[in-house]
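A closer look at the structure
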Amino acid sequence: MSVTDIPAAPVGGPSLPQERRLVTAIPGPRSQQLLARKAAAVPAGVGHTVPIEAAAAGGGVVVDADGNSLIDLGAGIAVTTVGASHPKVVAAVAEQVARFTHTCFMISPYESYVAVAEALNRLTPGDHEKRSALFNSGAEAVENAVKIARKHTGRPAVVAFDHAYHGRTNLTMALTAKAMPYKSGFGPFAGEVYRAPTSYPFRDGLSGPAAAKRAISLIEKQIGAANLAAVVIEPIQGEGGFIVPADGFLPELVRWCRENGVVFVADEVQTGFARTGAMFASELFGIVPDIVATAKGIAGGLPLAGVTGRAEIMDASHLGGLGGTYGGNPVSCAAALAAIDVFENDGMVERAQRIGDILTTRLGELAAAHPSIGDVRGRGAMIAIEFVVPATGDPDAAAAASVARAAIAEGVITLTCGTYGNVIRFLPPLSIPDHLLHEGLDVVAAAVAAL
Ligand code: PMP
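Residues numbered from 1 in each chain as written. Predicted model: local features only at pLDDT ≥ 70, side-chain atom pairs only at ≥ 80, totals over all residues. Heavy atoms only, no water.

An order of S4-S10-S9-S8-S7-S5-S6 is seen for the 7 strands of this open sheet, with the pairing classed as mixed. Since the sheet does not close on itself, it has two edges, and those belong to strand S4 (130-135) and strand S6 (193-196), each with one partner. The average angle at which neighbouring strand axes cross in this sheet is 20 degrees, direction not considered. Packing of helix H4 (residues 111-123) onto the sheet brings it into contact with S4, strand S9 (291-294) and strand S10 (305-310), and relative to S4 it is tilted by some 130 degrees. Along the sheet, helix H9 (residues 249-259) contacts strand S5 (157-161), strand S7 (228-233), strand S8 (263-267) and S10; its crossing angle with S7, the most-contacted strand, is approximately 165 degrees. (Pairing = 2+ DSSP bridges. Helix = DSSP H or I, 4+ residues; strand = E, 2+ residues; numbered from the N terminus. Axes fitted to C-alpha atoms, helices over the stretch in contact; angles between N-to-C directions. Contact = heavy atoms within 4.5 Å.)

This next bit is on the environment of arginine 255. Position of arginine 255 relative to the elements: it lies in helix H9. Assessed through its relative accessible area of 38%, arginine 255 is described here as partly exposed. Measuring from C-alpha to C-alpha, the distance between arginine 255 and isoleucine 26 comes to 51 Å, with 229 residues separating the pair along the chain. In terms of polar contacts, arginine 255 uses its side chain to reach the side chain of glutamate 252, at 2.8 Å. (Buried < 20%, exposed > 50% of the residue type's maximum accessible area, 1.4 Å probe, protein only. Polar contact = N/O pair within 3.5 Å; in protein donor to acceptor, adjacent residues only side chain to side chain.)

Residues in close proximity to the ligand include Ser137, Gly138, Ala139, Tyr165, His166, Gly167, Glu234, Glu239, Asp267, Val269, Gln270 and Lys296, which together make up its full environment. Here an oxygen atom of the ligand and a backbone polar atom of glycine 138 are 2.8 Å apart. In this structure, a nitrogen atom belonging to the ligand sits 2.7 Å away from a side-chain N or O atom of aspartate 267. Of the residues assigned to the shell around the ligand, the class counts are 3 nonpolar, 5 polar and 4 charged. (Near = heavy atom within 4 Å. Nonpolar A, V, L, I, M, F, W, Y, C, P; charged D, E, K, R; others polar.)

Here we come to H4. Here H4 is 13 residues long and its end C-alpha atoms lie 18 Å apart, about the 18 Å a rise of 1.5 Å per residue gives. Burial in H4 covers these residues: Ser112, Tyr113, Ala115, Val116, Ala117, Ala119, Leu120 and Leu123. The inward-facing, buried residues of H4 contact S4, S9, S10 and helix H11 (330-345). (Expected span 1.5 Å × (residues − 1).)

For the bond running from isoleucine 26 to proline 27, omega is 0 degrees, close enough to zero to count as cis. Checked against the element boundaries, proline 27 lands in the segment before helix H1 (29-41). That bond from methionine 180 to proline 181 is cis: its omega, 5 degrees, falls within 30 degrees of zero. By the element assignment, proline 181 lies in the loop between helix H6 (170-175) and S6. One non-glycine residue, alanine 78, adopts positive backbone phi at about 65 degrees.

Each regular strand displays side chains that alternate between the two surfaces of the sheet. Where strand S1 (residues 54-58) meets strand S2 (residues 61-64), 4 bridges bridge the pair, whose relative direction is antiparallel. The residue of S2 that forms the bridge with alanine 56 is valine 63. Where S1 folds back on S2, the antiparallel hairpin that results is connected by 2 residues, among which glycine 59 adopts a positive phi of roughly 60 degrees.

Of all the 6 residues making up S10, 6 are buried; the element is thus mostly covered by neighbouring parts of the structure. Both S4 and S10 contribute to a ladder of 6 bridges, which runs antiparallel. What sits directly across from serine 132, in S10, is threonine 308. Summarising the sheet, S9 and S10 pair through 4 bridges and their orientation is antiparallel. Within S10, the position partnered with threonine 294 by the bridge is glycine 306.

Taken as a whole, this structure holds 20 salt bridges when the rule is applied. Where arginine 203 meets glutamate 386, a salt bridge forms, and the shortest distance between an N and an O atom there is 2.7 Å. One end of the pair, arginine 203, is in helix H7 (residues 201-204); the other, glutamate 386, is in strand S12 (residues 382-387), with 183 residues separating them in the sequence. A relative accessible area of 0% means that glutamate 386 is categorised as buried. The partner of aspartate 290 in a salt bridge is arginine 258, and the shortest N-O contact between them spans 2.8 Å. Within this pair, whereas aspartate 290 is found in the loop between S8 and S9, its partner arginine 258 is found in helix H9, the two being separated by 32 residues in sequence. (Salt bridge = Lys/Arg side-chain N within 4 Å of Asp/Glu carboxyl O.)

This brings us to the domain arrangement of the protein. Examined at the domain level, the protein breaks down into domain 1 (3-85 + 348-449) and domain 2 (88-345). The C-alpha-based centres of domain 1 and domain 2 are spaced at 26 Å. Tallying the contact residues gives 42 residues for domain 1 and 33 residues for domain 2. A combined buried area of about 2,900 Å² lies between domain 1 and domain 2, and 62% of that area is made up of carbon and sulfur atoms. (Domains from an automatic or database assignment. Buried area = accessible area lost by both parts, 1.4 Å probe.)

Across the interface, helix H3 (residues 87-99) lies against H11 with an axial gap of 8 Å and an inter-helix angle of 155 degrees. Comparing their axes, H11 and H3 come out roughly antiparallel. As for how H3 packs across H11, the hand of that crossing is right-handed. When H3 is examined against H11, the residues Lys88, Val89, Ala92, Val93, Gln96 and Val97 are found in contact with a partner set consisting of Pro330, Val331, Ala334, Ala335, Ala338, Ala339, Asp341 and Val342. Among the residues making up the contact of H3 with H11, the classes are represented as 11 nonpolar, 1 polar and 2 charged. (Parallel < 35°, antiparallel > 145°, perpendicular 65-115°, else oblique. Left-handed = near helix turned anticlockwise from the far one by under 90°.)

Taken in spatial order, the 4 strands make up an open sheet running S1-S2-S3-S13, and their pairing is mixed. Unpaired on one side and paired on the other, S1 and strand S13 (412-413) mark the two borders of the sheet. Pairing geometry for S2 and strand S3 (residues 69-72), over 3 bridges, is antiparallel. By the bridge assignment, valine 63 is partnered in S3 with serine 69. Across the sheet, helix H14 (residues 434-449) touches S2, S3 and S13, and the angle it forms with S3 is around 95 degrees.

Structure follows, in structure tokens:
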């Protein structure tokens, strides 16, 4: 299928005009006022990528308080996968808010939490018996996955990988690889966290089995399988640079974990819920994790996270060992049930694949014309370009920053990522119409050409 044959977004009913519209420079005067208030009221450590005051969002645009309409190629870091104001989500939230906002599931349980757990048990990879518990954020989901794996195995150690990102709480900072900006000065970090080399085909040139052998050898020698509770890995690394492991890497790690009684935890916080052109990225690699951590796209923009795993692992915790005041909040659960309905019944997986076709075709053409783009990679609606110094292949963070900045000034929201900061990632909401995606890519292409 050629790029021009691909149908427009099937769902979302965005009421906002689906257009790029600049009526002021970015930031406009209203946005500047808010940013001045932010600087005086919010700590300097809380940054922002796009210097605007968001006023509305939906379909494929974010509209600011000055009336500018920006093309959204970031989806609030892969959260608004069904759109930022999907009508089914909006209706479900309004209905639930009017009935009750909170009871605490640990005090008075309600149906929607159980229904989300049932949906997660059904949708995550593998047909074994599962259980799911709900939390508020991706970091909290990963923390709970580790708690559960430790309780089940009675072992202390956890392995995470080079380029990993798992969150900003104390344990997840320890799991996260990159010091600046996530960890520097914020230690000491949680103990018994070990780091193994990952598979990064563009930079290590290793086959999947060779990269797995390297990681397993390090784990066996430096930690010892008998001490290891869990291996925690993103099937496609997100913040680390949209690194897709070589074929065979993940299946070999899973095989080794099974053989050694180690819990294999897939952090699908960024990759989950249709983002990669499969409901979960684990499916793309033919793996069945023991535990899957989810968040971001699950609830159409509301805060919710899940930990789903084999029943015998999940049930290892004593009564009262898992939970939290807000975990599985009823408004978030209502949003999740609506979003999951959209994921399952409105062609979201296919839409992500089509967006992936557009992104890889267009970005592949761009890379062929510009040696400053060393690699185009990713799956579905999770695609990135890695900028390099052409002569050496060294990471070129300045180029990525310059392209992202230029795109934002022209009304296109793009995000950077990568251990070396030299990657621009494309994570559009799946509700973006094709014409906006193409226009956004035109703007990015012009910024690359101007480097
Ligand atoms: N894991 C992965 C793979 C993520 O991408 C993120 C967020 N970028 C997290 C965990 C942490 O999620 P949260 O910010 O909701 O705590």
